[in-house]
Amino acid sequence: MNTLSLVLAAVGEGRIRGGWEYVWTAYGIAWTGIALYALSLWVRWPREERK
Amino acid sequence: MRRPGLLASTWVLFQKDLLLEWRSRARVNALVFFSLATLLLFSFALGPDTALLRRNAGGYLWLALLLASVLALGESFRVERENSTLEGLRLVPVNARAIFLAKAVANAVLLAGLGVLLVPVLVALLDVRIVLPWGQLLGLIGLGCLAIAAPGTLYGAIASHARARDVLLPLLLFPILIPALVAAAKGTALVFEGDPMGQFPSWVALLTSFDLIYWGLGVLLFPRVVEE
Amino acid sequence: MSKSVRIGFVLFAVALLVSGAWIGLAWAPPDREMGHVQRIMYMHVPAAWMALLAATLNFGTCVSYLWKASWKKDAFAEATAEVGLCFGTIAILLGAIWGRPTWGVYWAWDPRLTTMAILLVAYAGYLALRRFVDDPDRRAVWSAVVGIIVAVDVPVVYFSVKWWKSLHQVQSTPKTVDPQMVIALRWNAFAFLAVLIVFLVARYRIALAARMRETTVPDASPGAREVVAS
């Protein structure tokens, strides 16, 4: 094995590996937030009063 | 009858507000003891590492002042509300801006007095030293209390007429005071620890900008707050 | 606006959001340093932009209200504050999730994060004020005053990364960023803008209906006061 791959194996490429769980959590929170707020708007939507 | 000028009205109302405070010395005393108690609380909650306490003394001072200000500001308007004096003043007629200036300056003076009183307490309790010149500390206390008083008076007037006024005033006031709090606390910490990198002027600049903006907004917007 | 146009726009917003998610999650390339964590930016940045946009709209409306009062303006101010708070909360949460793998911490006391947190708490206070004042006229005037005071923080949030070089990155320009990433960001920005519009219009309708309910009194009662939405 040459020195470069040895060093790279030790130091890494300076890139974060994977991280998909963070991505899914983030997207999940964003969609849930939007959905919940939309739901709150739906619930509060003014219904025409019948006199 | 000629309406009194802005400065004249402000001066008269300012004297009135200070006189009210002096006459009810019990309230001022209560404020002093409240701040002392707060400082003690911080020391107990975050002690007993004296080095740590000394490093954070600037923060404790301004937190104590901030908490005391909520009481002082609430009181300042409760008195007015109970006797409907604000409406009376408006009928004289007094310029609403004079009411704001007088009240805000009176509140600032009260808080600054409290701040100056707390400094020897800090020296004794937390073993702080005043490394930078005294004048700089006094100036900082003045600027910081002006920063609390302007939005505090504006919000005090609003909160005193709303429900849950005791909770509403700090809820409205604290978030916007954070930049001033940071600047004042950091500046005070530099006064206590020394300022090798010359950061003190930049904190003063931040605090001064804050004061200019919020006093300007206060003078501009207060009449709308108290109008019928 | 007819009902079909409204429903059409809502579907359009949803379509943009869904396609934007696919673009952000699958189509855009991973970052050289951040890897896939970069994809969070396609949600975080648009959310933050919408929050600041809502805050700016709130400021404009508050000033306009003090200039010439109208229930429509008051209703719109209420809408922008609440919707802005929603997007701002999403932005700050996503920022924290992004910060964990990149900075190592969920939160840091850097100026942009601090001033943004201040802004959100301040708008929560604005909404609390509205809830605690019963008289609609006073509520409108006082909210306008508070809205203006709170808005002082908005330019501070925006320029904080430039004024204090701290942890949060400075705004990047499209010239230095991979074009695919630029497209992904812009697509999602428009998606979020569409959602913002839907939310604002809906929340405005809700607020205005509440205002009308509060201020129109049946003719039979004494001291009846009818206010026409101007």
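Because the structure is a prediction, the values reported are computed rather than measured.

The rules behind the values
Residues numbered from 1 in each chain as written. Chains lettered and ligands numbered in written order. Predicted model: local features only at pLDDT ≥ 70, side-chain atom pairs only at ≥ 80, totals over all residues. Helix = DSSP H or I, 4+ residues; strand = E, 2+ residues; numbered from the N terminus. Buried ≥ 20, exposed ≤ 12 C-beta atoms within 10 Å, placed from the backbone. Contact = placed C-beta atoms within 7 Å. Nonpolar A, V, L, I, M, F, W, Y, C, P; charged D, E, K, R; others polar. Core = buried A, V, L, I, M, F, W, Y, C linked by C-beta atoms within 7 Å. Axes fitted to C-alpha atoms, helices over the stretch in contact; angles between N-to-C directions. Left-handed = near helix turned anticlockwise from the far one by under 90°. Bend = angle between axes of the 7 residues up to and from the residue. pLDDT = per-residue confidence, 0-100. Expected span 1.5 Å × (residues − 1).

Undergrad: Describe the overall build of chain A, and please don't skip the residues or the numbers.
TA: Looking only at helices and strands, chain A features two helices and zero strands. By the burial criterion, 16% of the 51 residues in chain A qualify as buried.

Undergrad: Tell me about the overall build of chain C, and name the residues and values.
TA: Of regular secondary structure, chain C possesses seven helices and zero strands. Along its sequence from the N terminus, chain C presents helices and strands in the succession α-α-α-α-α-α-α. Taking the principal axes of its C-alpha atoms as reference, chain C extends roughly 70 × 40 × 25 Å. For chain C, with 230 residues in total, the buried portion stands at 43%. Within chain C, contacts between residues separated by at least 24 positions form 76% of all contacts whose residues are at least 6 apart in sequence.

Undergrad: Tell me about the interface of chain C and chain A, and please be specific about residues and values.
TA: Accessible area lost upon the coming together of the parts is a frequently used measure of interface size. Residue-level contacts link 27 residues of chain C with 21 residues of chain A. Every element with two or more residues in the side of chain C that touches chain A is listed here: helix H2 (41–67), helix H3 (71–102) and helix H7 (179–215) of chain C. When residues of the side of chain C that touches chain A are assigned to their parent elements, the largest contribution, nine residues, is made by H3(C). Residue classes in the side of chain C that touches chain A are distributed as 18 nonpolar, three polar and six charged.

Undergrad: Quick rundown of the nonpolar core? Include the residues and the values.
TA: Membership of the largest hydrophobic core comes to 152 residues, with the highest contact counts inside it found for B:Leu111, B:Ala147, C:Ile40, C:Ala47 and C:Leu94. Ranked by the residues each element gives to this core, the list is headed by helix H6 (residues 96–126) of chain B, at 19 residues. Not counting residues within four places of it along the chain, the set of residues in contact with C:Leu94 comprises A:Ala26, A:Ile29, A:Ala30, C:Ile40, C:Met43, C:His44 and C:Ala47.

Undergrad: Any chance you could break down the interface of chain B and chain C for me, citing the residues and the numbers?
TA: Between chain B and chain C, the contact holds 16 residues from the first and 18 residues from the second. Counting residues per element, the ones that place at least two in the side of chain B that touches chain C are helix H7 (134–159), helix H8 (165–193) and helix H9 (200–226) of chain B. Among the residues making up the side of chain B that touches chain C, the classes are represented as 14 nonpolar, no polar and two charged.

Undergrad: So what about the packing of helix H4 (residues 57–82) of chain B against H6(B)? Which residues, and what values?
TA: Residues and elements named next belong to chain B. Where H4 contacts H6, the two axes come as close as 9 Å, and the packing angle between them is 145 degrees. Seen along the crossing, H4 lies across H6 with a hand that is right-handed. Residues Ala57, Leu61, Ala64, Leu65, Ala68, Ser69, Ala72, Leu73 and Ser76 of H4 form the contact with H6, whose own contacting residues are Lys103, Asn107, Leu110, Leu111, Leu114, Gly115, Leu118, Leu122 and Leu126. Split into classes, the residues belonging to the contact of H4 with H6 amount to 13 nonpolar, four polar and one charged.

Undergrad: Please provide a residue-by-residue account of H8(B), values included.
TA: In H8(B), a bend of some 50 degrees at B:Leu177 exceeds every other bend along the element, and B:Pro179, a proline, comes one to four places later. Immediately beyond the C-terminal end of H8(B), within one or two residues, lies B:Gly194, with a positive phi of roughly 100 degrees.

Undergrad: Could you give an account of the arrangement of the chains, naming the residues involved and the relevant values?
TA: Looking at the two pairs of chains with contacts, the pair that accumulates the most is chains A and C. You won't find any contact between chain A and chain B; their C-alpha atoms come no closer than 23 Å.

Undergrad: If you had to explain the confidence of the model for chain C to someone new, which residues and values would you point to?
TA: Summarising the model, chain C shows a mean pLDDT of 89, and 93% of its residues fall at 70 or more. Note on the complex model: pTM 0.88, ipTM 0.89.

Undergrad: Explain unusual backbone geometry residue by residue, including any values.
TA: All names here are of chain B. Of note, the phi angle at aspartate 127 is positive, near 60 degrees, even though the residue is not glycine. As for its placement among the helices and strands, aspartate 127 is situated in the loop between H6 and H7. Taking the C-beta count within 10 Å as the criterion, aspartate 127 has 13 such neighbours and is therefore assigned partly exposed. Its identity is not glycine, yet alanine 164 carries a phi of approximately 50 degrees, on the positive side. Accessibility expressed as a C-beta count within 10 Å gives 13 for alanine 164, which makes it partly exposed.

Undergrad: Can you lay out H7(B) for me, pointing to particular residues and giving the numbers?
TA: Taking 1.5 Å of rise per residue, 26 residues should cover 38 Å, and H7(B) covers 36 Å from first to last C-alpha, within 8% of that figure. Counting buried positions over the 26 residues of H7(B) gives 20, a clear majority of the element.

Undergrad: So what about the environment of B:Leu114? Which residues, and what values?
TA: Residue and element names in this part refer to chain B. Relative to the helices and strands, leucine 114 resides in helix H6. What makes leucine 114 buried here is the crowd of 22 C-beta atoms within 10 Å. Along the chain, leucine 114 and valine 32 lie 82 residues apart, while their C-alpha atoms are 6.6 Å from each other. Ignoring anything within four residues of it in the chain, the contact list for leucine 114 reads Leu31, Val32, Ser35, Leu65 and Ala68.

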